[in-house]
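# Understanding the architecture of this molecule
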Amino acid sequence: MTEAPPTDEGWFVLHDFRTVDWDAWRDAPERERSRAVEEGVAYLSAHEAVEDDSAGASAVFSVVGHKADLLLLHLRPTLDALSRAERQFETTALAGFTDQPTSYVSVTEVSGYVSDDYFTGDEAAIDEGLRRYIEGKLHPDLPDDEYVSFYPMSKRRVGDDNWYALSFDERRELMSEHGDTGRDYAGRIKQIISSSVGFDDHEWGVTLFGADPTDIKDIVYEMRFDEVSARYGEFGQFYVGRRFPPHDLGPYLRGESVPTGEAAGHDEGVAHGHAHDAAGDHPHGPDHDHGGGEGDHPHGAEHDHGSGGQHDHDHGDDGGSDTGTDADIRGELDDLDVYAGKPHGEDVYATVLYSEADPDDLFEEVDGLRANFDHYGTHVKTAVYEADSVDRAAVVSIWETASAAETAAGFLSELPGVVSRAGEESGFGTMGMFYTVKPEYREEFVEKFDVVGGVLDEMEGHHETALMVNREDDNDMFISSQWRSQEDAMGFFRSDDFRETVQWGRDVLADRPRHVFLA
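Below or above, wherever it landed, is the structure these notes cover.

Rules behind the numbers
Residues numbered from 1 in each chain as written. Predicted model: local features only at pLDDT ≥ 70, side-chain atom pairs only at ≥ 80, totals over all residues. Heavy atoms only, no water. Helix = DSSP H or I, 4+ residues; strand = E, 2+ residues; numbered from the N terminus. Contact = heavy atoms within 4.5 Å. Areas by Shrake-Rupley, 256 points an atom, 1.4 Å probe, with all protein chains shown as cover. Salt bridge = Lys/Arg side-chain N within 4 Å of Asp/Glu carboxyl O. Buried < 20%, exposed > 50% of the residue type's maximum accessible area, 1.4 Å probe, protein only. Polar contact = N/O pair within 3.5 Å; in protein donor to acceptor, adjacent residues only side chain to side chain. Core = buried A, V, L, I, M, F, W, Y, C linked by side-chain atoms within 4.5 Å. Patch = residues over 30% accessible without salt bridge, like charges linked within 9 Å, V, L, I, M, F, W, Y side chains within 5 Å. Lys, Arg positive; Asp, Glu negative; His and termini not counted. Charge placed at Lys NZ, Arg CZ, Asp CG, Glu CD. Phe/Tyr/Trp six-rings, centres within 6.5 Å; stacked < 30°, edge-to-face > 60°. Lys NZ or Arg CZ within 6 Å of the ring centre and 35° of its normal. Pairing = 2+ DSSP bridges.

Once that is clear, we can look at the overall build of the protein chain. Per the secondary structure count, the protein chain includes 15 helices and 19 strands. Long-range contacts, defined as pairs at least 24 residues apart, comprise 76% of the intrachain contacts of the protein chain with a sequence gap of at least 6. Per element, the accessible surface of the protein chain, about 21,500 Å² overall, is 46% carbon and sulfur.

Let us look at the pattern of salt bridges. Within the structure shown, the criterion is met by 23 salt bridges. Residues Asp 53 and Arg 84 are paired through a salt bridge, measuring 3.7 Å at the closest nitrogen-oxygen approach. Taken together, the residues Asp 53 in the loop between helix H2 (30–48) and strand E2 (57–64) and Arg 84 in helix H3 (residues 79–90) connect sequence positions 31 residues apart. For Asp 144, the salt bridge is made with Arg 243, and the minimal N-O distance between the two is 3.5 Å. Separated by 99 residues along the polypeptide, Asp 144 in the loop between helix H5 (128–138) and strand E5 (147–155) and Arg 243 in strand E11 (residues 239–244) bring together distant segments of the chain. Taking the relative accessible area as the measure of exposure, Asp 144 reaches 56% and is therefore exposed. For Arg 243, a relative accessible area of 7% gives the class buried.

A few words now on the side chain of Asp 16. Positionally, Asp 16 belongs in strand E1 (residues 7–20). Relative accessible area serves as the criterion here: at 0%, Asp 16 is assigned to the buried category. A polar contact is formed between the side chain of Asp 16 and the side chain of Arg 18, at a distance of 3.0 Å. The residues touching Asp 16, leaving out its near neighbours within four places in the chain, are Leu 70, Leu 71, Leu 72, Glu 86, Gln 100, Thr 102 and Ser 103.

As a further point, take helix H12 (residues 402–412). Of all 11 residues in H12, 8 are buried; the element is thus mostly enclosed. Listed as buried for H12 are Ala 404, Ala 405, Thr 407, Ala 408, Ala 409, Gly 410, Phe 411 and Leu 412.

Turning our attention to the nonpolar core. If you look at the biggest cluster of nonpolar residues, it comprises 22 residues, and the most contacted ones within it are Leu 362, Leu 412 and Leu 415. Elements supplying a minimum of two residues to this core: strand E12 (349–355), helix H11 (359–373), strand E14 (393–399) and H12. In terms of nonpolar packing, the next biggest core, distinct from the first, is built from 20 residues, Val 60, Leu 72, Ala 93 and Tyr 252 among them.

In this section: the environment of Val 220. By the element assignment, Val 220 lies in helix H7 (residues 213–223). For Val 220, a relative accessible area of 12% gives the class buried. Note: C-alpha distance between Val 220 and Leu 208 (12 residues apart in sequence) is 9.7 Å.

What follows concerns a negative patch on the surface. The grouping of Asp 358, Asp 361, Glu 364 and Glu 365 at the surface amounts to a negative patch. Note on placement: Asp 358 falls in the loop between E12 and H11.

Two aromatic rings are characterised by how far apart their centres lie and by the angle between their planes. According to the stated counting rule, one finds 17 aromatic pairs in the structure shown. Here Phe 17 and Phe 150 contribute two aromatic rings whose centre-to-centre distance is 5.9 Å and whose plane-to-plane angle is 45°, an arrangement assigned as tilted. Residue Phe 17 is found in strand E1, and its partner Phe 150 is found in strand E5; the two are separated by 133 residues along the sequence. The exposure classification of Phe 17 matches that of Phe 150, with both residues buried. The interplanar angle of 50° and the centroid separation of 6.3 Å between the aromatic rings of Trp 22 and Tyr 252 together place this pair among those described as tilted. On the criterion of sequence distance, the pair formed by Trp 22 in helix H1 (residues 22–27) and Tyr 252 in helix H9 (residues 249–253) is long-range, its members being 230 residues apart. Taking relative accessible area as the criterion, Trp 22 reaches 29% and is therefore assigned partly exposed. Overall, the relative accessible area of 11% leaves Tyr 252 in the buried class. Lying across the ring of Trp 163, Lys 155 places its NZ or CZ 3.8 Å from the centre. Across the ring face of Tyr 354, the terminal group of Arg 392 is positioned such that the distance to the ring centre comes to 3.9 Å.

Here we take up the pairing of strand E17 (residues 462–470). Most of E17 sits out of view: 7 of its 9 residues are buried. The pairing of strand E13 (residues 379–386) with E17 spans 2 bridges and is classified as antiparallel. If you follow Glu 386 over to E17, its bridge partner there is Val 469. Where E17 lies against strand E18 (residues 473–483), 8 bridges are found, and the strand directions are antiparallel. Bridging across to E18, Leu 467 finds its partner in Ile 479. Here E17 folds back onto E18 in antiparallel fashion, the turn holding 2 residues.

For helix H14 (residues 486–493), the tally of buried residues reaches 6 of 8 residues, placing the bulk of the element in the interior. Among all positions in H14, only Gln 486, Asp 488, Ala 489, Met 490, Phe 492 and Phe 493 are buried.

Summarising burial for E5: 8 of the 9 residues are buried, a large majority. For E5 and strand E9 (residues 204–210), the ladder comprises 7 bridges, and the chain directions are antiparallel. Within E9, the position partnered with Val 148 by the bridge is Phe 209. Here 4 bridges tie E5 to E11, and the two strands are oriented antiparallel to one another. Counted as the bridge partner of Tyr 147 is Arg 242 from E11. Across 3 bridges, E5 lies against strand E10 (residues 233–235) in antiparallel orientation.

Attention now goes to the environment of Asp 474. Secondary-structure assignment places Asp 474 in strand E18. The spacing of Asp 474 and Arg 442 is 32 residues in sequence and 8.1 Å in space, taken between C-alpha atoms. In contact with Asp 474, other than residues within four places in its own chain, are Arg 442 and Val 469.

Right, let's talk about unusual backbone geometry for a bit. What is expected of a backbone is that most residues other than glycine have negative phi and most peptide bonds are trans. A cis amide bond links Val 258 to the next residue, Pro 259, at an omega of 0°. Looking at the secondary structure, you find Pro 259 in the loop between H9 and helix H10 (326–335). In the Ramachandran plot, Val 50 falls in the positive-phi region, its phi being about 55° despite a non-glycine side chain. Relative to the assigned elements, Val 50 resides in the loop between H2 and E2.

This is how it looks when you write it as structure tokens:
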């Protein structure tokens, strides 16, 4: 008998589809419609803020076509909480104008194909990237202002086309091939895959999100040609729509375009996605190789960390051992005439990860992700930086919005050999980013860094500082530095050695250096 892989479950999921009785809505007095909108907005806002529970996520979507008008999507820690959310809607005046033609109940899941260590309890053997990946699968976030497609599906169990009669290795190979297709959509498609075995009529619910609805169509279309879908996939009805904020309920019911705030646009950032190559019995395949085996992910285009891990914006955060705020650090540096701004301007954000993988292999992976990042107007730059003094490379990704930088961190943390993200180390991190050097001064700049590095080594509280060079541009430098505390780092910036270095740099740098702190 084929052995069933172990599973772990996260949040329970309810896709609550609603149709609007438009005849009743048109005939209702204005006061009744106003009350329905008011109570509907209150319900949607409270649940989107998860005021009804300790954790979870909710969103409302307009649905196109005759099958439904609205989708209320809820994720909660317990099945009872989903039941409560469903029934609380029925207490609103808005519910009186709606019917529920269908719904779908499921639970987020990861399987034993993802990691043996995760299921054997060997937490020390789980690397940080995989830990975030699993957290994101079990407790996913919901992208803002995105198109959505939902459909249920199962694996066929008929004659020779019985998925569950295949061996582990056969399933893994089929899912791996399927995931190759999905990886082409990294950065464009986010997915939530939830198991509905024993809960509903199919085995999985697949919820796809994308800033461009044609990306949703394309990934489903291309995957139909993979053997795992063509031979073993069985699909239910598809529903397509778009998320809108609760306060747009009134405009929606008036027949206006929603969301109304189109200035926010779709180019806010990349879809909250994540690529991981471990595929399992879930519908569409692996996302990104993480040490072998199958995973639990239909399209292979996803890399979602949810709330797991730190987001390393270039302006830093306050997650470390020091209590000083980002504003405090900037203010103190300003008093020292040191600019602690964002790289390449005031309106961009950075995320930084370190990898011990082979630099050529790492660059190939980054180059593939970068091609997908370039689909978004908010992407400024993603590059690999190397250093002779340390056995790791830095991957730096620059975006015009904080949310896009956070999302990119999710994708990048699944790169091979990732050992940490800037800001996760103990102590206090500070980086002078993007020291763009005039070509004729490059060698002199490197020599100067060696001198400054010697000074740093003698300073109290200094752990490590490395000069890293963009492998595609020798004049683009990146400096990472680690200190015991914020005060130790500030001691260097107050020193005469630093002032002399700044003055010297005015002649050799092609652009103003930006000093970035990760507390």
